[in-house]
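# Fold and contact review
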Amino acid sequence: MSDTQTLIDNRPPSVAALFIDRVAATPDGEAYRYPVPSASGEGPDDWKSLSWGQAAERVYAIAAGLIALGVQPEERVALSSATRVEWILIDLGVMCAGAATTTVYPSTNAEESAFILADSESRILIAEDAEQLAKARERRTELPDLAHVIVIDPAGVEPAEGDDPEGWIITLADLEARGNELLAKTPDAVTERVSAITADQLATLIYTSGTTGRPKGVRLPHDNWSYMAKATVSTGLINADDVQYLWLPLAHVFGKVLTSGQIEVGHVTAVDGRIDKIIENLPVVQPTYMAAVPRIFEKVYNGVASKARAGGGAKYKIFLWAAGVAREYAKVSQDNFRRTGKASVPFVLGAKHKVADALVFSKIREAFGGRLRACVSGSAALAPDIGYFFAGAGVHILEGYGLTETSAASFVNPGEAYRTGTVGKPLPGTEVRIADDGEILLRGPGVMEGYHKLPDKTEEVLESDGWIHTGDIGELSADGYLRITDRKKDLIKTSGGKYVAPAEVEGQFKAVCPFVSNILVHGADRNFCTALIALDGPTILNWAAENGLEGKSYADVVAAPQTVELIDGYVKRLNEGLQRWQTIKKFRLLPRDLDVEHGELTPSLKLKRPVVEREYQGLIDDMYAGSREA
């Protein structure tokens with residue numbers, strides 16, 4: 001048996017047990033960094049640290065506080081908060097109490113929040129602030145199981161409002177104080193709970209942000225996370241000397257899985273969920289690795305291109321030349337590595353790359369903090385041309401793949417041997433097969449127990465022998481690399497009988513057009529494909545200011561003939577590389593960008609196709625008006 005398999009087979013029953021082991025092994029080692037506004041309220045944030053021992057004091061106090069409130073094993077404690085260090089400490093506290101965390105995005109509206117709290121039968125809600133508390137107050141009559149709301153940031157929160165029951169609202173500080181009182185009397189209260197946790201005990205309930213209907217609660221037992229901790233570390237992607245920058249929403253399974261591997265290996269994690277602070281934080285944190293969704297890399301790429309264009313024609317030509325060199329360098333070096341085990345390139349290409357590095361690439365790496373060894377990208381497909389650009393610039397993006405139903409990480413690209421355009425190889429212990437219709441099926445210790453209180457829905461995707469239907473279409477290379485081609489339900493069949501993978505076309509357009517933010521390709525049962533295109537606000541407004549549209553609003557800019565002509569040029573360039581039936585015959589620019597607030601994107605920034613198509617049905621109909629539908 002291999003060392004990796006032994007590591008996975010001998011995993012403890014829970015991450016709570018792993019956490020106790022980590023604290024015992026490196027109590028004085030740095031665990032977390034987190035930002036604190038400067039005393040003056042101006043200038044950059046101060047960053048504070050918690051050692052593993054200090055983190056444990058808070059985690060045990062939270063766990064004991066929940067025990068003091070009567071929380072029993074597997075009972076649900078909901079957590080509605082943005083990504084911050086307290087999120088991690090609370091989640092660990094819930095697990096160490098033997099309970100289960102119900103994750104709620106802070107952007108979720110009151111109605112859907114109430115549905116999640118009621119469906120999960122959560123006994124406690126831990127709310128970030130007055131805004132999250134207000135949602136529970138608004139729907140409190142629908143939440144008979146909710147015994148307490150614990151508020152992390154109590155600023156602006158009245159202790160009691162209207163008919164709030166006495167003691168219904170507690171601050172996090174009060175909860176920890178109660179926990180410390182219990183620990184003073186019963187020092188083993190938490191460790192006894194942890195030692196009683198079984199591998200099949202519920203640890204996390206994550207509600208999928210479905211495109212239609214109510215979200216489904218995915219039941220993930222403790223063993224899922226213990227397996228993920230061991231399996232992700234066994235890939236060699238992370239080590240004890242790493243510094244991770246964690247900004248992803250921890251209510252999402254992709255963010256959550258990153259906390260498990262960290263506990264196993266013991267590296268530092270800098271936590272700050274404010275997306276608008278990423279550019280400012282990276283040079284301060286200087287991470288060695290970070291995870292992100294493709295939209296972040298697309299925005300960085302568009303920003304670099306826009307800045308080059310603003311610098312004048314000469315600078316923009318240099319950027320375009322350097323981008324071409326980066327892509328060629330990455331493709332050649334990856335091909336050579338695949339064939340020979342060495343990422344070598346011809347002398348002339350190497351010389352070009354050296355010049356491009358001095359002029360362009362080194363500045364990109366500096367913007368990421370200068371120490372970045374690799375980024376992990378997931379949640380949606382990354383356009384290969386964008387992946388090749390960053391690879392050639394020395395920012396190595398390792399795509400991975402998984403579902404909420406498989407605890408996030410089922411595949412990941414293997415370090416130096418990564419291949420842009422694929423999601424890599426399965427984690428040790430995870431099996432994969434491709435069904436006759438091309439659907440990817442997975443089996444392994446990361447697969448969910450099932451959907452909460454939905455046995456019929458569980459049976460639709462989870463076979464009795466453990467294989468789960470992912471709903472994604474893909475191809476496996478001879479040596480085990482997986483390429484995702486599309487969502488099974490998103491494949492378009494034109495009225496001419498041709499199949500089109502919209503995500504593939506959309507990804508290619510994002511690599512061609514530096515102004516695009518989101519694009520939706522439409523064409524099911526139509527005789528040609530069309531597209532709805534949303535532009536990136538800052539990038540297109542910068543262009544507008546230089547092209548006679550200065551001072552115009554976003555909506556006015558995208559409606560202007562010269563903007564439509566600009567984007568039409570990129571659509572024509574896209575079409576040059578497509579099969580005839582894939583080409584975009586018509587497009588419409590949207591009057592605003594798509595976003596989470598309007599329900600068009602999931603919190604992990606994935607496109608909700610049915611929502612967008614429904615909202616802009618008029619524009620779609622207009623594009624097909626007068627055409628002969630077969």
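Whatever comes next refers back to the structure up there.
The rules behind these values
Residues numbered from 1 in each chain as written. Predicted model: local features only at pLDDT ≥ 70, side-chain atom pairs only at ≥ 80, totals over all residues. Heavy atoms only, no water. Phe/Tyr/Trp six-rings, centres within 6.5 Å; stacked < 30°, edge-to-face > 60°. Helix = DSSP H or I, 4+ residues; strand = E, 2+ residues; numbered from the N terminus. Buried < 20%, exposed > 50% of the residue type's maximum accessible area, 1.4 Å probe, protein only. Lys NZ or Arg CZ within 6 Å of the ring centre and 35° of its normal. Expected span 1.5 Å × (residues − 1). Arc of directions from axis to C-beta. Axes fitted to C-alpha atoms, helices over the stretch in contact; angles between N-to-C directions. Parallel < 35°, antiparallel > 145°, perpendicular 65-115°, else oblique. Left-handed = near helix turned anticlockwise from the far one by under 90°. Contact = heavy atoms within 4.5 Å. Nonpolar A, V, L, I, M, F, W, Y, C, P; charged D, E, K, R; others polar.

### Re the packing of aromatic side chains
Under the definition given, this model contains 15 aromatic pairs. Centroid distance F19 to Y60: 6.3 Å. Interplanar angle 80°. Geometry classified as edge-to-face. Taken together, the positions of F19 in helix α2 (residues 15-25) and Y60 in helix α3 (residues 52-68) put the pair 41 residues apart, joining distant regions of the chain. The interplanar angle of 90° and the centroid separation of 6.3 Å between the aromatic rings of F368 and F390 together place this pair among those described as edge-to-face. Of the two residues, F368 is situated in the loop between α14 (347-367) and β13 (374-377) and F390 in helix α15 (residues 384-392); the sequence distance between them amounts to 22 residues. F390 sits in the buried class, given a relative accessible area of 1%. Each member of the aromatic cluster is reached from another via a ring pair, and the members are F297, Y301, Y316, F319, F368, F389 and F390. Positioned above the aromatic ring of Y481 is the side chain of R419, whose terminal nitrogen or guanidinium carbon lies 3.6 Å from the ring centre.

### A word on helix α7 (residues 172-185)
Taking 1.5 Å per residue as the helical rise, α7 with its 14 residues ought to reach 20 Å, and the 20 Å between its terminal C-alpha atoms agrees with that figure. The complete set of buried residues in α7 reads L172, L175, E176, G179 and L183. The buried residues of α7 occupy an angular sector of 95° when the element is viewed end-on, so they sit on one face. Exposed positions of α7 whose direction lies more than 90 degrees from the buried face are A173, E181, A184 and K185.

### Some words on unusual backbone geometry
Residues other than glycine seldom take positive phi values, yet E121 does so here, at roughly 55°. Along the chain, the position of E121 falls in the loop between α5 (110-120) and β5 (124-127). Taking relative accessible area as the criterion, E121 reaches 35% and is therefore assigned partly exposed. Non-glycine residue Q286 carries a positive phi angle of around 50°. Examined against the element boundaries, Q286 turns out to sit in the loop between α11 (278-285) and β12 (289-292).

### Digging into the packing of α2 against α3
When two helices pack together, their arrangement is given by the angle between the helix axes and the distance between those axes. Between α2 and α3, the shortest axis-to-axis distance is 9 Å and the interhelical angle comes to 140°. With respect to α3, the element α2 is oriented oblique. For the pair α2 and α3, the crossing hand works out as left-handed. Here F19, I20, R22 and V23 of α2 come into contact with α3, specifically with W52, G53, A55, A56, V59 and Y60. When grouped by side-chain class, the residues that make up the contact of α2 with α3 number eight nonpolar, one polar and one charged.

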